[in-house]
Amino acid sequence: MTARQARQDDEIATRIDRQPPAFGTIVRDRRLRMGLSLRETAERARCTKGYLSLLERGMRGAPGPKLMARLEAALELAAGTLSAVAAMEATPIELREELAERRRQAEAARQLASLLQSAGPGGLDDAYQSGALQRLVERLGPAGGGAAADAEGGAPVRALLPGVVPLINLVPAGEASEFTDLGYPARVADAYVQSPDLADPDAFAARITGDSMEPQYVEGDVVIFSPARDVKDGMDCFARLEPDHETTFKRVYFERGGGGEELIRLQPLNSRYAPRVEPRERVAGLYPAVSLTRGIG
């Protein structure tokens, strides 16, 4: 990494800390600074040009962790840079305010510790008389409200607590169809599912429609998916397909075609349905199912 690229990384980090930028804007600006075309960047990141264009224009949400890492490598960004942008962009304003307050408190604690360590005879008295000591103590006081309370008229922040997963929409266990998360940011929804043992903050739940995954899954079941889990052959996954923004719920198998090309077989469990085989590059995301719940209204 050159000194210039390092400075650009620092600029991005500063912008993230100050105000969360649009994920697509960061990607586009970095690409243009490097003099790369959409096609060149897509080839480097092993994704489609159309997907990258939608991402840059803010018409698609941040990609999964594997594509995120490939984008960082393609744009010569430090590992975790884009993940930090996506996480901050997806964080509700009340939690961002709480995090900012905690950063201020941490800095105040550092300054207070430094003051106490360096104070000579009369040092603390001088700090008290000047008001510096009082200001530091006040900054260390508890933040008012913040992320522990629901935002007035907004989505509850309990969605960000461990063990609580947003129920965002429906996933078809049948023919693939267009999916929408109803415009909610990551981790936010109108309904939530308890999953105390799941540590993935990006986990989400969806309600099953259709019967292609019977008898193991039936219509109305709520399945939790974890983007943090590695996808292995034979897993049941929520699949995002390009370029038509389709999704489906199927058992996944990784295969190769006659020419050695990578293929993904989306296999129904119901024998009345035929499997669907897609080129690897058309599958934008695979998120393994980690739990199943029945009887949620």
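Everything discussed here concerns the structure shown above.
What comes next is a walk through the structure. Worth saying up front: this structure is predicted, and the values here are computed from it rather than measured. (Residues numbered from 1 in each chain as written. Predicted model: local features only at pLDDT ≥ 70, side-chain atom pairs only at ≥ 80, totals over all residues. Heavy atoms only, no water.)

1. Quick word on the overall build of the protein chain
Selection criterion: In this description a helix means any DSSP run of H or I spanning at least four residues, a strand means any run of E spanning at least two, and both kinds are numbered starting from the N terminus. Relative accessible area decides the class of each residue, using a 1.4 Å probe on protein chains only: under 20% of the type maximum gives buried, over 50% gives exposed, and in between gives partly exposed. Two residues qualify as a contact provided that any one of their heavy atoms is within 4.5 Å of a heavy atom in the partner residue. Areas reported as accessible are Shrake-Rupley estimates using a 1.4 Å probe. Residue values count occlusion only from the protein chains shown.
Scanning the protein chain for helices and strands turns up nine helices and 10 strands. Relative to its full complement of 297 residues, the protein chain shows a buried share of 42%. In the protein chain, 61% of the contacts between residues at least 6 apart in sequence involve partners at least 24 apart. Counting only carbon and sulfur atoms, one obtains 51% of the accessible surface of the protein chain, whose full area is about 16000 Å².

2. Brief notes about the side chain of Glu-278
For the record, the criterion: Whenever two N or O atoms come within 3.5 Å, that pair is a polar contact, provided that in protein one can donate a hydrogen and the other can accept it, and provided that, for residues adjacent in sequence, both atoms are side-chain atoms.
Mapped onto the elements of the fold, Glu-278 is located in strand S9 (residues 276-279). Side-chain polar atoms of Glu-278 contact the side chain of Arg-276, separated by 2.5 Å. Engagement of the side chain of Glu-278 in a polar contact is seen with the side chain of Arg-282, the distance being 3.1 Å. Apart from residues no more than four positions distant in its own chain, Glu-278 is found in contact with Glu-262, Leu-263, Ile-264, Leu-266 and Val-283.

3. Points about the nonpolar core
We apply this condition: Note on terminology: a nonpolar core comprises buried Ala, Val, Leu, Ile, Met, Phe, Trp, Tyr and Cys residues joined through side-chain atoms within 4.5 Å.
Core analysis: the largest hydrophobic core is formed by 19 residues, its most contacted members being Phe-23, Cys-47, Leu-52 and Leu-82. Every element with two or more residues in this core is listed here: helix H2 (23-33), helix H3 (38-45), helix H4 (49-56), helix H5 (65-74) and helix H6 (81-90). With four residues, H5 is the single largest residue contributor to this core. Filtering out sequence-adjacent residues up to four positions away, Leu-52 remains in contact with Val-27, Leu-38, Thr-41, Ala-42, Cys-47 and Leu-71.

4. Remarks on the side chain of Ser-226
Relative to the assigned elements, Ser-226 resides in the loop between strand S5 (222-225) and strand S6 (236-241). Sequence-distant contacts of Ser-226, that is, excluding residues within four places in its chain, are made with Leu-198, Asp-200, Ala-203, Pro-288 and Val-290.

5. Considering the pattern of salt bridges
Selection criterion: For this analysis, a salt bridge means a side-chain nitrogen from Lys or Arg found within 4 Å of a carboxyl oxygen belonging to Asp or Glu.
Considering all chains together, one arrives at 10 salt bridges under this definition. Across the pair Asp-29 and Arg-28 runs a salt bridge, and its minimum N-O distance is 3.8 Å. With a closest N to O distance of 2.3 Å, Glu-242 and Arg-60 form a salt bridge. One end of the pair, Glu-242, is in the loop between S6 and strand S7 (246-256); the other, Arg-60, is in the loop between H4 and H5, with 182 residues separating them in the sequence. A relative accessible area of 4% places Glu-242 in the buried class. Several salt bridges share partner residues, and in doing so they unite Glu-246, Arg-276, Glu-278 and Arg-282 into one network.

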